[in-house]
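So you can see what is in the structure, the chains are spelled out below.
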Number of protein chains: 2
Amino acid sequence: MSKYEDIVNLALRRSLFYPASEIYNDAPAGFYDFGPYGAAIRRKIIDVWRREFVQKESMLEIYGAQTMPESVFNSSGHLKDFNDVITTCKKCNSIHRADQLIAEATKEHVAEGMLPEAYTDEIKKHRLKCPKCKGELSDVKKMNMMIQAVVGIGEKKSVYMRPEACQTIFTNFSRMAKTMRMKLPKGIAQVGRAFRNEISPRQTLLRQVEFSQMESEVFFDPARINEVENFDDVKSYKVMILKDDGKKVEAIKASDLVSKKIVSGNLVAYYLARTQQLFESLGIPAKAMRFREVSNDDKPFYSKETWDFEVETSVGWLELIANNYRTDYDIKGHMKGSKQDLRYVDDQGNKLVPHVWETSIGLDRTFYTVLEHSFKKEKRGKEERTVLSLPPKIAPLLVSVFPLLSNKPELVEHAKEIYNDLKSCYESAFDAAGSIGKRYARMDEIGCPWCITVDFDSAKNKDVTLRDRDSGEQKRVKIAELRQLIFEMYAGIKTFKKL
Amino acid sequence: MSKYEDIVNLALRRSLFYPASEIYNDAPAGFYDFGPYGAAIRRKIIDVWRREFVQKESMLEIYGAQTMPESVFNSSGHLKDFNDVITTCKKCNSIHRADQLIAEATKEHVAEGMLPEAYTDEIKKHRLKCPKCKGELSDVKKMNMMIQAVVGIGEKKSVYMRPEACQTIFTNFSRMAKTMRMKLPKGIAQVGRAFRNEISPRQTLLRQVEFSQMESEVFFDPARINEVENFDDVKSYKVMILKDDGKKVEAIKASDLVSKKIVSGNLVAYYLARTQQLFESLGIPAKAMRFREVSNDDKPFYSKETWDFEVETSVGWLELIANNYRTDYDIKGHMKGSKQDLRYVDDQGNKLVPHVWETSIGLDRTFYTVLEHSFKKEKRGKEERTVLSLPPKIAPLLVSVFPLLSNKPELVEHAKEIYNDLKSCYESAFDAAGSIGKRYARMDEIGCPWCITVDFDSAKNKDVTLRDRDSGEQKRVKIAELRQLIFEMYAGIKTFKKL
């Protein structure tokens, strides 16, 4: 069984995530729900992003409507250019993504964004047939990926579910500049839902129709791209880089990325470094990461410089983040479309269409990848145990409290007392069902870092057994010190070993 | 200017909330974005709900897709019964909500959920005309409020944006029961988006097409409705009740609600009390609240007992929460529709379709109401100041740091040092623009509870001026004690007066 399958099985077994509306046969593919532990991990990943990225960089975080009018996507280019290329089987009528079909059949890289005719030529050249029925495939055509809805009663309006959360940021930019006294460079961030009519949603969270993004757009004056206040903080930090013409990943100092002209300037190097640091803090080792330079053929239509942030997983290098130098494309487009002056005005009254550096993080893929990198199967004696070694700050529960025996009321009562006390500070669980070993196992596989067992000595000695998820070790600690110890381990001030 | 207008003006001026896609003429009505301060307040209201309600009651919090298949809403009854009643002007073609039109014209209460013919009769009886052009009005007909979208490429599927977040909870119930080892009574909660095709979206956040709900559904055995573990905690707490046949609000002890048969049982009384407590903790006084018993004529089609939680505002008593005793309506409906056995199985193997108590909180209306109840205009000397006296736990910023003069580099640098230190613990701002009075005023009107001013004595004496938002008073405090003082005031351990 692959690690991907391990994760999906764990997710279904413990309800981390599972198909939405799964009790119904007509539930469409590409929609997922998160159960209590999954929703908690997801929320905590957002919290880390907010604290370590958005707030540390003093970005403005907004929260906008997901539904937007047609004009927004005329200006952004999505209605014209946000397409997949498809081919239909003339025999069984099944529809396939042409670029995927070609890539899978030839095992070669297929560029994105080519004209439909070019994909048709490839299909003919390799004599590709329908993978389902071996039927003949049609010429390739474009298919727009936007999801439309209609609102209003008298005057009906065609609206769209946004395909990327960042469009809210662009339509908000000018208001932020005016009312929030913005000084460039300044980021605007948003976490929210986006929707894409995927031709073949697949691999659970990895390709969904409805999904979540944590996006930030840093607005800056292109003439001052090298003026980054805290650049010194990252200049010696090594960023994992795979150049377009390179064969292997190199760890390159942020300052060298600029001096060797690998990136457009300090601002780009700074945010690549900060992004990598964010993912290290989520428990992913730098050696499993890379920023892959995206060639001109594959870049999105609005980008001058693109680095896909990828993490190594059991399903290959998985793209978690699109890092795009969007230039002035978006603000210019919305100025033209809205016929409004959206320019930034500086202290001297100079007007400027700012450039934009984008860090568009796929939250669901990040969630999946964090699970995979924390997932371990370990033999311990005769038993195999499954452990999610999540960093405590993204664990769904911090502590779980057990009475040693569930049929002894005095133990249950004492354990509940301790649980109620801890619950007021930390996300905690109480569990009295099954053997202690089973209870530990249940907590290990959802990533709860610490378990507390209350036994007959606890009342007498005022202590309990504290067990560590990652090592499986146990120590006897005083009940009066529990709150403080958990806080210190959570905050990284102490480790379990040194308690 | 009404308080409502004051709030909307403040919201636009400081970007708390504002129309979505406002730079475009074709932006539909009924969609709003939240700027940085607004988004922060909104998020913190959610945090309070999660901590004080969801987690205190050990509910399971899920996060699900907003898009759901047709079958879900066949089972829930929404496709058939989730309608508004409309009448069209035969002259100008404008469309009106019949019940609102009648209520506004007659100043009388108009029951919801009557047959269209009954509304037509009312229009004829009162000889009502189109409010826009005085034209003749058509017979009343039903209009479904669901918003539809189409996903999929080959096999296109009609899906709907959920009109209430709770349907995700019902479709998840059986999975939660099985995989989360649920013991009744148990709540499942969710905060998320919902969508309704409102005929006349209006009053900004108060009637939107896309909006947010904080919903919880407590599943219980109706034979054990009185078995509520922590009922004693609330039994003497007085709940503000307006009975269907009553003229004025009475403060009634939770235990009396049960003994006097005003509610169906302890579980209902318990959650009414806990809901009121939640809103007190958001800074709204109990005397401005009421649970209004909803008559049989006005109740939703699925409810056995309904209490609308309303708060007094400048636009009248505003419904923030629907509290519904939904019985087994939802689970039964989804069992029938999905042909699956969704019953709960207890420890003895008995199968049961649980009953449901719903607390469905409108997040946007709560947000608006919290703003209105914290909003004050005060004369102070010659100046009028605007203050948002938000409880610190929902304030968008906790502390703002100012150098006394912005043209003195040593002051600016010293203030930045203090800011950077506080920023690592608390949501903080740095402001060096304009007079100190203006900077205080800017912080007052977005609800920042404490401001710190760094002056020439600060470096020498190692102290700063700490100013309190609500009293406007100032004290000199040591820099080394700032972190701790702010924490203590935030946590309610100390007040500014007693520093």
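The structure this text deals with has already been given above.
> Sorry if this is basic, but what is going on with empty space enclosed by the protein here?
Rolled over the atoms, a probe with the dimensions of a water molecule shows which regions are left empty. For the structure shown, the criterion picks out one cavity of 30 Å³ or more. Roughly 30 Å³ of volume is contained in the largest cavity. As for the largest cavity, its lining consists of Thr171(A), Asn172(A), Tyr18(B), Pro19(B), Ser21(B), Glu22(B) and Asp33(B). Those elements giving two or more residues to the lining of the largest cavity turn out to be α7 (166–179) of chain A together with β1 (17–19) of chain B. For the lining of the largest cavity, a count of residues per class yields two nonpolar, three polar and two charged.

> Just checking my understanding: could you explain helix α5 (residues 98–106) of chain A for this structure?
The α-helix advances 3.6 residues per turn, and as a result positions three or four apart in sequence lie on the same side. Residue and element names in this part refer to chain A. When α5 is considered as a whole, its buried residues turn out to be Ala98, Asp99, Gln100, Leu101, Ile102 and Thr106. Elements that come into contact with the buried residues of α5 comprise β5 (83–88), β6 (95–97) and α6 (116–125). Count one or two residues on from α5 and you reach Lys107, which has phi positive near 55°.

> What is the right way to look at the interface of chain A and chain B in this model?
The parts lose accessible area when they come together, and the size of an interface is often stated as this lost area. Counting residues at the interface gives 84 residues for chain A and 84 residues for chain B. Across the interface of chain A and chain B, roughly 6500 Å² is buried in total on both sides, 54% from carbon and sulfur atoms. Broken down residue by residue, the surface that chain A buries against chain B is led by Ile23(A), Tyr24(A) and Tyr63(A), which jointly contribute 12%. Across the chain A-chain B interface, the total number found is eight salt bridges. Among the ionic pairs, Glu22(A) bridges to Arg175(B), the shortest N-O distance being 2.5 Å. Counting across the chain A and chain B interface gives 40 residue pairs in polar contact (both at pLDDT 80 or more). Examining the composition of the side of chain A that touches chain B, we find that seven residues originate from one element, helix α2 (residues 36–55) of chain A, more than from any other. Taken together, the residues that form the side of chain A that touches chain B break down as 38 nonpolar, 23 polar and 23 charged.

> Looking at this structure, how should I read the relation of the copies chain A and chain B?
Applying a rotation about an axis and a shift along it to one chain copy brings it onto the other copy. Overlaying chain A with chain B gives an RMSD of 0.0 Å, the required rotation being 180° about an axis along which the chain moves by 0.0 Å. When the rotation and shift are considered jointly, the pair of chain copies conforms to a two-fold rotation axis. Nearest to the rotation axis, the C-alpha of Ala149(A) is located 2.5 Å from it, this being the minimum over chain A. When the interface residues of chain A are mapped onto chain B, 100% of them are again interface residues, pointing to one common binding face.

The rules we used
- Residues numbered from 1 in each chain as written.
- Chains lettered and ligands numbered in written order.
- Predicted model: local features only at pLDDT ≥ 70, side-chain atom pairs only at ≥ 80, totals over all residues.
- Heavy atoms only, no water.
- 1 Å grid on protein atoms, 1.4 Å probe; cavity = no way out; pocket = protein on both sides within 12 Å on 5 of 7 lines; lining within 4 Å.
- Points joined across faces, edges and corners; volume = space filled by probe spheres on them.
- Helix = DSSP H or I, 4+ residues; strand = E, 2+ residues; numbered from the N terminus.
- Nonpolar A, V, L, I, M, F, W, Y, C, P; charged D, E, K, R; others polar.
- Buried < 20%, exposed > 50% of the residue type's maximum accessible area, 1.4 Å probe, protein only.
- Contact = heavy atoms within 4.5 Å.
- Buried area = accessible area lost by both parts, 1.4 Å probe.
- Salt bridge = Lys/Arg side-chain N within 4 Å of Asp/Glu carboxyl O.
- Polar contact = N/O pair within 3.5 Å; in protein donor to acceptor, adjacent residues only side chain to side chain.
- Least-squares fit on C-alpha atoms with pLDDT ≥ 70 in both.

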